[in-house]
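# Working through the structure, step by step
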Amino acid sequence: QKILLDNLASAPVRNVIITGANSGVGLAGAKLLVAAGHHVTLACRTKAKSDVAAQACLSYAAAADSSLFSDRRPGGTAVGAECDLSSFASIRGFVESVKKE
């Protein structure tokens with residue numbers, strides 16, 4: 001686990017999109033990526049859920065210390081976005097919003 005965390009922190013800063021990021025493995029991964037300094041878009045079924053998850057990621061990153069990452073890099077961001085994967089219209093809207101960023 002320590003090797004994985006160190007590699008996340010030493011990798012070039014990436015823009016990452018995670019679907020289903022409001023709970024479980026998606027949320028855990030998003031927290032680690034934000035704490036490692038990456039820019040994460042959390043795509044969830046509702047905007048409200050994605051915003052709560054994004055705030056949780058930012059809080060986790062703010063509390064992370066050097067014991068978690070030996071080369072911790074500040075500046076990770078988390079942005080919530082609505083993307084209901086059961087709706088093609090929602091997916092298209094999400095893609096268009098990501099293209100604008």
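Everything here concerns the structure above.
Below: a short report on this structure.

Turning our attention to helix 2 (residues 24-35). Between its terminal C-alpha atoms helix 2 stretches 17 Å, which fits the 16 Å expected from twelve residues at 1.5 Å a residue. Within helix 2, burial applies to Gly-26, Leu-27, Ala-30, Leu-33, Val-34 and Ala-35. Of the residues one or two after helix 2, Gly-37 is the one with positive phi, at around 95°.

In this section: the sheet that holds strand 1 (residues 15-19). Backbone hydrogen bonds hold the strands of a sheet together, and the pairing may be parallel or antiparallel. In space, the three strands of this open sheet follow the order 1-2-3, with parallel pairing throughout. Of all strands in the sheet, those with a lone pairing partner are strand 1 and strand 3 (77-82), marking the two edges. Each strand of the sheet is rotated relative to its neighbour by a mean of 20°, with strand direction disregarded. Along the sheet, helix 2 makes contact with strand 1, strand 2 (39-44) and strand 3, crossing strand 1 at roughly 165°.

The next subject is the state of the cysteines. Within the structure shown, the criterion is met by zero disulfides. Here Cys-44 is not cross-linked by a disulfide; its sulfur's nearest cysteine counterpart is in Cys-57, at 9.1 Å. When its relative accessible area of 1% is taken as the criterion, Cys-44 is described as buried. Accessibility expressed as a relative area gives 0% for Cys-57, which makes it buried.

Counted according to the given criterion, the structure contains three salt bridges. Asp-84 is the salt-bridge partner of Arg-45, the closest N and O atoms lying 3.9 Å from each other. With Arg-45 in the loop between strand 2 and helix 3 (47-63) and Asp-84 in the loop between strand 3 and helix 4 (88-100), this residue pair connects regions lying 39 residues apart in the sequence.

Summarising the element assignment, Ala-11 is placed in the loop between helix 1 (2-10) and strand 1. Along the sequence, Ala-11 and Ala-36 sit 25 residues apart, while their C-alpha atoms lie 8.9 Å from each other. If sequence neighbours within four positions are ignored, Ala-11 has contacts with His-38 and Arg-73.

A few words now on the packing of helix 2 against helix 3. One can describe the packing of helix 2 onto helix 3 by two numbers: an axis separation of 8 Å at closest approach and a directional angle of 45°. By the angle class used here, helix 2 and helix 3 are oblique. When the axes of helix 2 and helix 3 are compared, the crossing they make is right-handed. Facing helix 2, whose interface residues are Leu-27, Ala-30, Lys-31, Leu-32, Val-34 and Ala-35, helix 3 presents Ala-53, Ala-56, Cys-57, Leu-58, Tyr-60 and Ala-61. Here the residues of the contact of helix 2 with helix 3 are counted per class, giving eleven nonpolar, no polar and one charged.

About the thresholds
- Residues numbered from 1 in each chain as written.
- Predicted model: local features only at pLDDT ≥ 70, side-chain atom pairs only at ≥ 80, totals over all residues.
- Heavy atoms only, no water.
- Helix = DSSP H or I, 4+ residues; strand = E, 2+ residues; numbered from the N terminus.
- Expected span 1.5 Å × (residues − 1).
- Buried < 20%, exposed > 50% of the residue type's maximum accessible area, 1.4 Å probe, protein only.
- Pairing = 2+ DSSP bridges.
- Axes fitted to C-alpha atoms, helices over the stretch in contact; angles between N-to-C directions.
- Contact = heavy atoms within 4.5 Å.
- Disulfide = S-S within 2.5 Å.
- Salt bridge = Lys/Arg side-chain N within 4 Å of Asp/Glu carboxyl O.
- Parallel < 35°, antiparallel > 145°, perpendicular 65-115°, else oblique.
- Left-handed = near helix turned anticlockwise from the far one by under 90°.
- Nonpolar A, V, L, I, M, F, W, Y, C, P; charged D, E, K, R; others polar.

Fair warning: the whole summary comes from geometry, so function is off the table for now.
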